[in-house]
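Observations on chain architecture
Chain residues, written in single-letter form:
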Amino acid sequence: MQIIISNSSKEPIYEQITNQIKSLILAGELQEGTAIPSMRNLAKDLQISVITTKRAYEELEKAGFIYSIVGKGSFVAEQNLEVIREKKLKVIEEQLSAVIANSREIGLSLDELKELLKILYEE
Amino acid sequence: MENVVELKNVTKRFKGFSVNHINLQVKRGFVTGFIGANGAGKSTTIKTMMNLLRPDAGEVKLFGLDYKTHEKEIKQRIGFVYDGNIFFEGLNLKDIKRIVAPAYKRWDDTIFYQYVEQFELPLNKAIKTFSKGMQMKASLAIALSHQAELIIMDEPTAGLDPIFRRELLDLLQELMVDGNRTIFFSTHITTDLDRIADYIAFIQKGELVFNQSIHDVAENYALVKGELNLLDRDTEKAFVHVHRASTGFEALTDNIKAAKNIFGDTVIIERASLEDIMYYFKGGIHHA
Amino acid sequence: MLNLIKRDVILQKRQLLLFIPFILVFILLGAPPVLIFLVASIFIPFNTYAYDEKVETNILLNSLPYTRTEIIASRYLGAIVYMILSIGVTSLALLAFNKHFTVSDIAIGSGLFLLFAALTFPLFQIFKQGYITTVILISFILLTWISRPIALYMNEHLTTIIDFVDNTSVTVLYTGATFFIMLIYIISWGITHSIYQRKVF
């Protein structure tokens, strides 16, 4: 399991961990039922405090991405990928609507917006 | 039992110095970093935990036990590392081990020699010929060889070079993989804590300012920067201390939400490092 | 607690090598056996104190799983244990050199040692660390200073004392002295104990 932590990022470290594990699960790289490292081992490997990985795992559990069995460790939970995709799409739609509204305010055309999106997407 | 160490209302007065009403809990399985300026009361608090001094008032409990009735049981479960060598200077490590080992029921020679090898410590040279780093390693090897549940360290990194400091942090992190170990250590080098501390206890002028998880510290404390004209008697209440310069002000808040409500987008709010927090508290607490 | 007493041997390996020649010098100089027994008994316990005067040693001992009661007890019991051992070794050395000595030499030598230990041990706790050599010196001088008027008094009343000693049986005299010394030793132990309990390291 590859996780890269940035100490200079504005995003708190526990969020960096949850987001990366989430994407690994959503991308299918971590399959359902796979054991993930214990939070203490992960803390050691990432050279961060235990409480940070603990918080990351708690958030992942709350969101239903992983589950823990006392004495055995944590595992990737069963994912209803369709539902998650649907949810994500909805969020994206909302965000794009906001972008469009903002663009209209300053008179940015659709082509210009597409161009901007293209540049950012390929960055 | 969640708390390995529990200090309740601990007060100890000396001539010209005192620690007052310290309430401090150290949580099992985590690393608590104990910060404060020199002379703030860190060593006195640690000595209270080790029963090297008895408080004038208050209660001290380790593993839920009282020193009055369970002193030996408690100390069997503690490994200690102090700032500076406390072992007989003229003796070599082998002889020191011979003196210390029989005191512990669960002493394990195999573990001890493993650390001696890992730390590259000479067994037959007098301790007084050791460098500061080697003395620290020797103390650590002894502290870790009797399956202690609680490791108490007073300024273990003081006077050590950066490379060895990192090695020490690596080692402590390895110890934490076993969830039963608890580490409590004092330091005034706050960067040591950024990496491994789960909880931060901060002492200032003999009083405990806070004992919070690193997340709570990050969510409560922040630096606020803005123009001087934003400051007045009311808005200043959001701050622990304000530093004024002709170019603007910089202040520490212990309530990010309140600061956001008051100032909105007119100021810059940034993460406060432990050093920032210590520095601003030194200026004194402004509001009641 | 036995560990605490055994610790002295490890601590003083090198000094112990000096022990035998040290005693031999006294024997060869033809010092009275009482003095040899006294000096031999003092050797180990007071060497230990030279170590224990250091703050670090007290921090170490008190951080290990020992109680303060045990630490002080080990000093008082250790002094007796090492006194007995020293007397044994010294007796052998005297025998080897064909020097004559009596049981009362041993009794008086150890009695004097225990008295000296009883008087100085509490002083170590009262005075600041680093002054202990001075304390020993001063108490030595003090003892000689006190013993002078006592000696004068004894001279004046010599006849009465001799009469008293003559009239009392040897057994009673020895038992009385033993009890007296034991009492002083135990009182001293109690005082040191209560001072040590309240110490801050």
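Under an unreviewed UniProt entry, the name given to chain A is GntR family transcriptional regulator, and the source organism is Lysinibacillus capsici.

**What about the interface of chain B and chain C?**
Residue-level contacts link 27 residues of chain B with 23 residues of chain C. Taken together, the two surfaces of chain B and chain C that pack against each other cover about 2,400 Å², and 64% of this comes from carbon and sulfur. Our enumeration of links across chain B and chain C arrives at 1 salt bridge. Its salt-bridge partner being Glu70(C), residue Lys72(B) comes within 2.6 Å of it at the nearest N-O pair. For the pair chain B and chain C, the number of links is 9 residue pairs in polar contact (both at pLDDT 80 or more). Looking at the side of chain B that touches chain C, the elements that each hand over two or more residues are strand 1 (3–14), helix 2 (67–76) and helix 3 (93–100) of chain B. Taken together, the residues of the side of chain B that touches chain C sort by class into 15 nonpolar, 4 polar and 8 charged.

**Focus on the UniProt feature "domain: HTH gntR-type" (unreviewed entry) in chain A**
Using the residue numbers shown here, the UniProt feature "domain: HTH gntR-type" (unreviewed entry) corresponds to residues 11–79 of chain A. Helix makes up 51% of residues 11–79 of chain A and strand makes up 14%, while its end C-alpha atoms are separated by 25 Å.

**Describing the pairing of strand 3 (residues 73–76) of chain A**
All names here are of chain A. Relative to strand 3, strand 1 (residues 35–36) is paired through 2 bridges, and the arrangement is antiparallel. Bridged to Ile36 within strand 3 is Ser74. Summarising the sheet, strand 2 (residues 66–69) and strand 3 pair through 4 bridges and their orientation is antiparallel. Bridging from a neighbouring strand, Tyr67 pairs with Phe75 of strand 3. Where strand 2 folds back on strand 3, the antiparallel hairpin that results is connected by 3 residues, among which Gly71 adopts a positive phi of roughly 85°.

What counts, and where the lines are drawn
Here the residue index of a chain counts from 1 through its sequence in written order. Chain A is the first chain written and ligand 1 is the first ligand written, with later ones labelled in order. Where local features are concerned, this predicted model is filtered to residues with pLDDT of at least 70; where side-chain atom pairs are given and counted, the filter is 80 or more; whole-chain, interface and lining totals use all residues. With hydrogens and water stripped out, all remaining heavy atoms of the structure feed into the side-chain values. When checking whether two residues touch, look at their non-hydrogen atoms; a contact exists if any pair is within 4.5 Å. A simple way to read buried area is as the amount of 1.4 Å-probe accessible surface that goes missing from two parts once joined, with both sides added. What counts as a salt bridge is simple: a side-chain nitrogen of Lys or Arg found within 4 Å of a carboxyl oxygen of Asp or Glu. By the criterion applied in these results, polar contacts are pairs of N or O atoms within 3.5 Å in which, for protein atoms, one can donate a hydrogen and the other can accept it, and in which residues neighboring in sequence qualify only through two side-chain atoms. Think of it this way: any DSSP run of H or I at least four residues long counts as a helix, any run of E at least two long counts as a strand, and we number them from the N terminus. Classification convention: Asp, Glu, Lys, Arg as charged; Ala, Val, Leu, Ile, Met, Phe, Trp, Tyr, Cys, Pro as nonpolar; all other residues, Gly among them, as polar. UniProt positions are given in the numbering used here, feature names are shortened, and annotations may be inferred rather than shown by experiment. Strand pairing is assigned whenever DSSP identifies at least 2 bridges connecting the two strands.

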